[in-house]
Amino acid sequence: MADKILAVLEQREGSLKKVSFEAASVALNLANQLGMQAEAVVVGNDINNLNEISKYGISKLTHLKHELLSNYSPSAYSDTLASFAKETDAQILIFPNTAMGVDLAPRIAVKLNAGIVMDCMKLEIIDKDVIATRPVYAGKALIEVKLNSQTKIFTVRPNVFKPQLVNSASTQVEVKQVENPNLKTRVTAFKKSEGKLDVAEADIIVSGGRGMKGPENFHLIEELAEVLGGAVGASRAVVDAGWRPHREQVGQTGKTVSPSLYIACGISGAIQHLAGMSSSKYIVAINKDKDAPIFNVADYGIAGDVFEILPALTEEIRKIKS
Amino acid sequence: MKIAVCISQVPDTATRIKIGSDHKSIDPNGVTYIINPYDEFAIEEALKTKEKIGGDSIVYVISVGDDSVKETLRKALAMGADEAVLLKSSSAKDSIGIAKALAEEIKSLGCELVFCGKQSVDYDSGITGQLIAEMLDYNCVSVVVDFKLEGNKITAEREIEGGREVVETELPAVITAQKGLNEPRYASLKGIMAAKKKIIAEKPAVDSSSFTEILDMHLPPSKQPGRILGTDKSAVPELVRLLREEAKVI
Ligand SMILES: Cc1cc2nc3c(=O)[nH]c(=O)nc-3n(C[C@H](O)[C@H](O)[C@H](O)COP(=O)(O)OP(=O)(O)OC[C@H]3O[C@@H](n4cnc5c(N)ncnc54)[C@H](O)[C@@H]3O)c2cc1C
């Protein structure tokens, strides 16, 4: 039997998340190049969209199920997944580089005596080795690394690897009941934040900086994010001023993001901010100072007043969307 | 109780990174080093915990690195940590190698509670705390923005996409600190003076082979400076057209 690559899928509140399909596509793609077999695994209780995985060409999905595992439990999920990976003798494991993936993957690395590379933005095969490219120093530099361990773990940055639809046979879903999950560490509640979408997950981000002048003006950012179906981001200056919550901070000491579109409004483009967003596919800057460093990384810019531009931009996009 | 804080030293975040001549690491010339920003939250939480539980608790700060790290350890001592340990290693280690060295020391010191920064802003992997916990078979909560310890019981909130998870566990445990957990204190003059007399123990870091091989380090492809489309709202329709037709992102 061919060696296995295992995509570890992520479910929250009973649904597989988009990052799961990204991880599945990465696994399939590597498996095809290496002559290996891609499978997927997920831990949870009832999951309503398991069959969606079949669109991504994964031949087998194992659902490790227990009623106490609908929420994440670091101890139970890591034990369950590590023993499953051992059973299936998986050589390579792919996780999404999400809050859950970052928490879980290193624990499993220790349990499997595996090497691990986090936050990969590119995985390519050279001479039968997986070469991973990942950012360091918050994206100010990139490294190419290779793992020399028997078992290898890679986590992949959300939004970078697009899920690829495959027209092929269906997925065999096998449900395995988990026995006595280890709940030494358990999630007892989830406090949803009022923001609709998290910057770490969004494909479009509209960020505001000190140029927005005050928290009362952020509705202009929120409205643009809303018409675009995007998330609201912020510079550290406005987070430190208490205008916006820390979870929205983009940058070296906030979140590092790679959306398709990043719109920076009244943000100067300090090196720590650029570090967190310059790998975005397209960057738009709106800043009244035409010499602001943000324009050095922007694809398109308007060197004008956010209070004039933002309402007009929101209006124009609303028009074309309707 | 014995509390450990694992800290690292990183290039100042304002540093413009230059690639070293080996093409595998950065050029250290002209780089100033600071304490990893997330580690300040870890130190603060350790000190707060010690103040709260009182008794004869000890806060150790531990780091893996060369002699230059002493300065950073000294800063942590000035904030109020009691003792420091420098695990000396001249060769580069990957996250697993560093975690092994730290875990070994935490075990020999007998620390039941360990704080780390949630991520070191150099290699940015964000996994050291989880690795240490797993190696020591400790419980672990990562990316923590709220921490409570009552007796043996820990209630922590960790930041995830779209909200916070409330996590319960028990000691012994590793907690990794996220911004928002607390406001790190500044070292007082008295603290700075006292730190000069505190001990920095030096030991060799345990040897371990590394699974990770860095093949190359390079700068990201530089972006062509973009187009400024105008200076007022008359540029908006053109911007929207480009986003739709050229970039195809909306
Ligand atoms: C250790 C450390 C870590 C850091 N980490 C981060 C991080 O993770 N993320 C981060 O963002 N920063 C970080 N910083 C802070 C960073 O150095 C900058 O201070 C910060 O990014 C500046 O935020 P800003 O662009 O909103 O504000 P400013 O630099 O003040 O820029 C405001 C901009 O708004 C423009 N403006 C003003 N009025 C208008 C108007 N009416 N219309 C249009 N434009 C207008 C101005 O021209 C200016 O360019 C960090 C700093 C340190 C020391």
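Refer to the structure printed above.
The rules behind these values
- Residues numbered from 1 in each chain as written.
- Chains lettered and ligands numbered in written order.
- Predicted model: local features only at pLDDT ≥ 70, side-chain atom pairs only at ≥ 80, totals over all residues.
- Heavy atoms only, no water.
- Core = buried A, V, L, I, M, F, W, Y, C linked by side-chain atoms within 4.5 Å.
- Buried < 20%, exposed > 50% of the residue type's maximum accessible area, 1.4 Å probe, protein only.
- Contact = heavy atoms within 4.5 Å.
- Near = heavy atom within 4 Å.
- Polar contact = N/O pair within 3.5 Å; in protein donor to acceptor, adjacent residues only side chain to side chain.
- Areas by Shrake-Rupley, 256 points an atom, 1.4 Å probe, with all protein chains shown as cover.
- Helix = DSSP H or I, 4+ residues; strand = E, 2+ residues; numbered from the N terminus.
- Nonpolar A, V, L, I, M, F, W, Y, C, P; charged D, E, K, R; others polar.
- Pairing = 2+ DSSP bridges.

A. A look at the nonpolar core. Among the nonpolar cores identified, the biggest contains 137 residues, and L93, I94, L123 and F154 of chain A together with I106 and I132 of chain B are the most heavily contacted of them. The residues touching I94 of chain A, leaving out its near neighbours within four places in the chain, are I5, L6, A7, V8, A23, V26, A27, L30, L123, F154 and V156 of chain A. In this structure, V206, I221, I263 and V284 of chain A belong to the second largest nonpolar core, which totals 35 residues.

B. Geometry of the site of the ligand. Surrounding the ligand, one finds 27 residues, the nearest of these being S235, T253, S268, Q272 and H273 of chain A. Two or more chains meet at the ligand, and those chains are chains A and B. Within the backbone of G211 of chain A, a nitrogen or oxygen atom sits 3.5 Å from an oxygen atom of the ligand. Interatomic distance of 3.0 Å between a backbone N/O atom of Q252 of chain A and an oxygen atom of the ligand. Contact with the protein chains covers 80% of the free accessible surface of the ligand, which is 990 Å². Secondary-structure elements contributing two or more residues to the shell around the ligand are α5 (236-240), α6 (271-277) and α8 (306-321) of chain A. Its residues assigned to classes, the shell around the ligand comprises 6 nonpolar, 15 polar and 6 charged.

C. Geometry of the pairing of strand β16 (residues 261-265) of chain A. Residues and elements named next belong to chain A. Counting buried positions along β16 gives 5 out of 5 residues, so the element sits mostly inside the fold. By the alternation rule, side chains of β16 split into L261, I263 and C265 and Y262 and A264, which are all buried. Where strand β14 (residues 204-208) lies against β16, 5 bridges are found, and the strand directions are parallel. Bridge pairing links G208 to C265 in β16. When β16 meets strand β17 (residues 282-286), the two strands line up parallel, connected through 5 bridges. Considered in β17, the bridge of A264 is made with A285.

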